[in-house]
Amino acid sequence: MQEYRLVALPGEGVGPEVVEAALAVLAHLATLHGFSVRVTHGLVGEPAVQQFGTGFPEATARLCEGADGILFGAVSKAGLLELRKQFDLFANLRPVRPVKSLRHRSSIKPEKLDGVDILFVRELVSGIYFGPSGRGVDETAPYGFHTMQYADSEIRRIARVALQQAQQRRKKLAIAHKENALPCLPWTRLVQEEAAAFPDVALVPMLVDNLAMQLVMNPQQFDVILAGNLFGDILSDIGGAIAGSIGLLGSASLNADGFGLYEAIHGTAPDIAGKGIANPMGTLASVELMLRQWDEGTAAAHLAIAQEQLLEAGYRTADLVDSPEDRFVNTKAFTEQLIQQLTNSKANQ
Ligand code: IPM
Ligand code: MN
């Protein structure tokens, strides 16, 4: 039997709640589909700061080495950027595919949601998050700076990931850039050069401000969207508005070897943390991406379908409740329902 070694890093806020839920579902899927997952827990974010004085301690790094994946909860900041950098997780994939039963939750008009299926490919270990930065020390003229810096090679390697993804999908790649104001970062030219090896992929360079507007006005035009670190962060949150809740979206952050960290794109949600009502679907969407990366595609599809069936049956976590017919469930009840649904749908196969 195939055994995977998974490191769980629950982090802070709602992180531990959604990771616990996702691990229970994953364990069940493993039983149903004949693989096993050995899980080790590690500290990241605030709990790690409290114990080790740093958000991403050495012990956690050691734990992750040689694992088959990292399931990540949420942190407000501490440790996450270091973790991404340490394992060179440069390719961040964030799919957005609104489900039918949650259409009315979307900020987009229902008729503009038909067929919307977008994949954000965000560069994750460079750009302004990691460029030279500082603050002036002269109190009479305080200033600060962060520098948006990209090596051409860094743009080229994320471009190849986006091109590959586009080639396997609808063969259309939008490139988010800001070359009218930031001409030293020639995303369009570099992506065009890499695209020589992908002649069937259509490139659509777009100024990032226009792209943000287009995402809201007509999301149907997009297939894959390639963006640098900061633009990708901002644009992919619009994906949350399109899907109906940021709590629904997951992500995979991969390095060149295909090793990955899987996390919901939402944050720690301090307002609801500890209440047991967080939506685990963002983390489950990340589990789905992890299963695909592990070549457990049948289990991944099973998970996706079972969740859609629960939504169709009216089950809603707090972030999605809006009508009296909705069957409100907390995190635990949702997880139990999902496990039940997985069993039933497997038995009916
Ligand atoms: C995300 C988050 C992080 C980011 C924060 C927590 C640093 O917003 O993963 O989208 O900006 O990358
Ligand atoms: Mn973000």
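Residues numbered from 1 in each chain as written. Chains lettered and ligands numbered in written order. Predicted model: local features only at pLDDT ≥ 70, side-chain atom pairs only at ≥ 80, totals over all residues.

This prediction gives the chain a mean pLDDT of 96; 100% of its residues lie at or above 70. Per-element mean pLDDT across the chain ranges from 93 in strand β6 (residues 133-135) up to 99 in strand β10 (residues 224-227). (pLDDT = per-residue confidence, 0-100. Helix = DSSP H or I, 4+ residues; strand = E, 2+ residues; numbered from the N terminus.)

So, on to the UniProt feature "domain: Isopropylmalate dehydrogenase-like" (unreviewed entry) in the chain. Feature annotation in UniProt assigns "domain: Isopropylmalate dehydrogenase-like" (unreviewed entry) to the following positions: residues 5-338. As a span, residues 5-338 carries 38% helix and 20% strand, and end to end its C-alpha atoms are 23 Å apart. (UniProt positions renumbered as here; feature names shortened; annotations may be inferred.)

Attention shifts here to the site of ligand 1. Taken together, Lys77, Leu80, Asp233 and Ile265 make up the full set of residues near ligand 1. Class assignment for the residues of the shell around ligand 1 results in two nonpolar, no polar and two charged. (Near = placed C-beta within 6 Å. Nonpolar A, V, L, I, M, F, W, Y, C, P; charged D, E, K, R; others polar.)

Take the sheet that holds strand β3 (residues 69-74) next. If you trace the 10 strands from one edge of the open sheet to the other, you get β2-β1-β3-β12-β11-β4-β5-β10-β8-β9, paired in mixed fashion. Unpaired on one side and paired on the other, β2 (35-41) and β9 (202-207) mark the two borders of the sheet. Strand after strand, the sheet turns through a mean of 25° between neighbouring axes, direction not considered. Two elements, strand β4 (residues 91-96) and strand β11 (residues 250-254), share three bridges in a ladder whose sense is antiparallel. (Pairing = 2+ DSSP bridges. Axes fitted to C-alpha atoms, helices over the stretch in contact; angles between N-to-C directions.)

Okay, the packing of helix α1 (residues 15-33) against helix α11 (residues 331-347) next. Relative orientation of the contacting elements α1 and α11 amounts to 15°, with a least axis distance of 10 Å. The orientation of α1 relative to α11 falls into the category roughly parallel. For the crossing formed where α1 meets α11, the hand is right-handed. Within the contact between the two elements, α1 uses Glu17, Ala21, Ala24, Val25, His28, Leu29 and Leu32 and α11 uses Thr331, Thr335, Leu338, Ile339, Leu342 and Lys346. Looking at the contact of α1 with α11 residue by residue, the class counts come to eight nonpolar, three polar and two charged. (Parallel < 35°, antiparallel > 145°, perpendicular 65-115°, else oblique. Left-handed = near helix turned anticlockwise from the far one by under 90°. Contact = placed C-beta atoms within 7 Å.)

A separate point is the nonpolar core. Counting 99 residues, the largest nonpolar core has Ala22, Val121, Ala162, Ala176, Ile225, Leu226 and Val287 as its most contacted members. Residue contributions to this core peak at eight residues, all from α1. Here this core spans two domains, and each of domain 1 (1-95 + 247-349) and domain 2 (107-134 + 142-243) adds at least three residues to it. With residues up to four places along the chain from it excluded, the contact list for Ala176 reads Met206, Val208, Leu211, Ile225, Leu226, Ala227, Phe231 and Leu235. (Core = buried A, V, L, I, M, F, W, Y, C linked by C-beta atoms within 7 Å. Buried ≥ 20, exposed ≤ 12 C-beta atoms within 10 Å, placed from the backbone. Domains from an automatic or database assignment.)

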